[in-house]
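Each chain, written out:
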Amino acid sequence: MNAQEALELIEAVRSGEYEDAGLEVKRAQRGLPQRLFETLSAFANQAGGGVILLGVEESQGFRLAGVEAAQTVISELTDLSSKMVPPLALEITPVKIEGKTVIVVDVPECDYQHKPCHYGPSGMQGGSFLRVGNQNRHMSAYEVFTFVTGRGQPTFDQELVKKPALKIWIKRPWKPISVA
């Protein structure tokens, strides 16, 4: 996403005052939100991914809060994305609007062969999330299983079977032992 597209998105969000399945708005004025990994996982696991706006305050009518330490937040975001499994290649666009910095984060959809994307330190079961409406929901064990089995048909049954090494068993004649 280029800077002009980012500005248009920010203005659309501010005028419409909305957040949906493909968009998450976070204040992030003084740093990266603590549980942002949930949104990264949820967006990476949904078709088309999603966008996170950092520096917009939803609870205050989507007003611009701005991100005070933009470079620090970008570094923290890059570090967090590397802790996702698989690691995410986020497209991060800082934008100046009305003298404040808003960071637009484009989260790509994860390849189906690697889903569910999850927060590594929490493990697959504890760190996998789905986006439902404008919220993130923890995946159930069944949903995690469904993603894993949806990775594709196993191909091990198409592999060549190795011939076992030829074993020769030598029969020895049995001799009784006499006990006197």
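First things first, this report covers the structure right here in the doc. (Residues numbered from 1 in each chain as written. Predicted model: local features only at pLDDT ≥ 70, side-chain atom pairs only at ≥ 80, totals over all residues. Heavy atoms only, no water.)

1. Thoughts on the overall build of the protein
Broken down by element type, the protein carries five helices and 10 strands. Restricting the contact set of the protein to residue pairs at least 6 apart, pairs at least 24 apart contribute 67%. (Helix = DSSP H or I, 4+ residues; strand = E, 2+ residues; numbered from the N terminus. Contact = heavy atoms within 4.5 Å.)

2. Some thoughts on the sheet that holds strand β7 (residues 100-107)
If you walk across this open sheet you meet the four strands as β1-β2-β7-β6, and the pairing is mixed. If you trace the sheet from one side to the other, it starts and ends with β1 (23-26) and β6 (91-97), each paired once. Each strand of the sheet is rotated relative to its neighbour by a mean of 20°, with strand direction disregarded. Alignment of β6 against β7, held across seven bridges, turns out to be antiparallel. If you follow Glu91 over to β7, its bridge partner there is Asp106. In the packing of helix α1 (residues 3-16) onto the sheet, the strands contacted are β1, β2 (50-54), β6 and β7, and the crossing angle to β6 comes to about 70°. Against the sheet, helix α2 (residues 36-44) touches β1, β2 and β7, its axis set at about 155° to β2. (Pairing = 2+ DSSP bridges. Axes fitted to C-alpha atoms, helices over the stretch in contact; angles between N-to-C directions.)

3. Some thoughts on the nonpolar core
Counting residues in hydrophobic clusters, the biggest one holds 26 residues, and the most contacted among them are Leu40, Ile52, Leu54, Leu88, Ile103, Val105 and Val107. Put simply, the parts of the chain that give this core at least two residues each are α2, β2, α3 (70-82) and β7. The element that contributes the greatest number of residues to this core is α2, accounting for six residues. Excluding residues that lie within four positions of it along the chain, Leu40 makes contacts with Ile52, Leu80, Met84, Leu88, Leu90 and Val107. Of all hydrophobic cores here, the second largest spans 15 residues; its members include Leu9, Val51, Leu64 and Val104. (Core = buried A, V, L, I, M, F, W, Y, C linked by side-chain atoms within 4.5 Å. Buried < 20%, exposed > 50% of the residue type's maximum accessible area, 1.4 Å probe, protein only.)

4. Describing the pairing of β7
Along β7, six of the eight residues are buried, which leaves the element largely enclosed by surrounding structure. When β2 meets β7, the two strands line up antiparallel, connected through five bridges. Each bridged residue has a counterpart across the sheet, and for Val51 the counterpart in β7 is Asp106. Hairpin connection of β6 to β7: two residues between the antiparallel strands, including Glu98 at a positive phi of 55°.

5. Observations regarding the pattern of salt bridges
Here the structure, examined in full by the defined rule, presents 11 salt bridges. Lys26 is paired through a salt bridge with Glu24; the nearest N and O atoms lie 3.3 Å apart. Lys26 sits in the partly exposed class, given a relative accessible area of 25%. Owing to a relative accessible area of 6%, Glu24 belongs among the buried residues under this scheme. Sharing partners across several salt bridges, the network here consists of Glu11, Arg14 and Glu98. (Salt bridge = Lys/Arg side-chain N within 4 Å of Asp/Glu carboxyl O.)

6. Description of α3
With 13 residues, α3 extends 18 Å from end C-alpha to end C-alpha; this agrees with the ideal 18 Å at 1.5 Å per step. Among the residues of α3, those classed as buried are Ala70, Val73, Ile74, Leu77, Leu80 and Ser81. End-on, the buried residues of α3 take up no more than an arc of 125°, which puts them together on one face. Structurally, α3 contributes buried residues whose contacts are with α2, β2, β5 (84-85), β6, β7 and β8 (118-119). (Expected span 1.5 Å × (residues − 1). Arc of directions from axis to C-beta.)

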